[in-house]
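Secondary and tertiary structure notes
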Amino acid sequence: MSGIEMPLIPVKFVVNGREVEVKVRPYERLIDTLRYRLGLTSVKEGCGRGECGACVVIVDDKLIPSCLMLTVQARGRRILTLEGIGSEKKLHPIQKAFIDVQAAQCGFCIPGVIMAAYWLLEVKGNLNPSVDEIKDALSGNLCRCGSYYRFIKAVKLAANELRKIKGKS
Ligand code: FES
Ligand code: FES
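A brief look at the structure comes next. (Residues numbered from 1 in each chain as written. Chains lettered and ligands numbered in written order. Predicted model: local features only at pLDDT ≥ 70, side-chain atom pairs only at ≥ 80, totals over all residues.)

Our next topic: the sheet that holds strand E5 (residues 78-80). Across the sheet, five strands lie side by side as E2-E1-E5-E3-E4; this open sheet has mixed pairing. Two strands bound the open sheet, and with one partner strand each, they are strand E2 (18-24) and strand E4 (62-65). Across the sheet, the mean angle separating the axes of adjacent strands is 40° when strand polarity is ignored. One ladder, built from two bridges, connects strand E3 (residues 56-59) with E5; its direction is antiparallel. Of the residues in E5, the one forming a bridge with Val59 is Ile79. On the sheet, helix H3 (residues 110-123) packs against E3 and E4 and is oriented at approximately 30° with respect to E3. (Pairing = 2+ DSSP bridges. Helix = DSSP H or I, 4+ residues; strand = E, 2+ residues; numbered from the N terminus. Axes fitted to C-alpha atoms, helices over the stretch in contact; angles between N-to-C directions. Contact = placed C-beta atoms within 7 Å.)

Following this line, the structure appears as structure tokens:
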């Protein structure tokens with residue numbers, strides 16, 4: 001005998017500047033909607049329980065692990081993923097800095113780390129962060145390859161570049 005199927009619920013939100021509507025079960029996680037319904041595969045699943053930061057996205061200016069948020073909770077919100085900050089043809093200065101200092105090893109954690117860096121530099125607007133402020137912003141992101149030292153270098157480099165672009169040197 002099969003169980004009772006939960007209803008599909010329509011949910012509208014804005015992702016990377018585009019309004020989308022999905023129909024999801026009430027228990028569907030945001031990470032699954034982003035990856036499997038919307039094709040935003042920069043959002044990675046590591047732990048699936050809010051501990052590794054591989055899945056973090058920016059929801060209404062807050063850094064949120066998308067494995068801990070239900071899609072129905074995203075109704076009416078603005079979501080930003082790595083796909084929304086730059087592209088292969090037009091890299092965001094943070095992405096470029098991570099390449100320039102060769103911060104990625106296996107690369108699995110990198111989308112989440114870049115989103116945390118973006119939150120610090122672009123959302124909080126801290127374009128001259130101290131090492132401690134960078135460590136603090138990235139403290140929710142685990143890197144099993146141990147690239148932490150290069151993350152700090154990359155964020156410093158990106159901050160310098162952004163200051164130049166925004167005329168705040
Ligand atoms: S997969 Fe979401 S925090 Fe690890
Ligand atoms: S670069 Fe491999 S987990 Fe971070």
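Here we come to the pairing of strand E1 (residues 9-15). Of the pairings in the sheet, the one linking E1 to E2 comprises seven bridges and is antiparallel in character. Paired with Val14 across the bridge in E2 is Glu19. Taking the residues that link successive antiparallel strands as the turn, the E1-E2 hairpin has two residues, and the phi of Asn16 there is positive, at about 50°. The pairing of E1 with E5 spans two bridges and is parallel. In the sheet register, Val15 faces E5, and the bridge partner there is Ile79.

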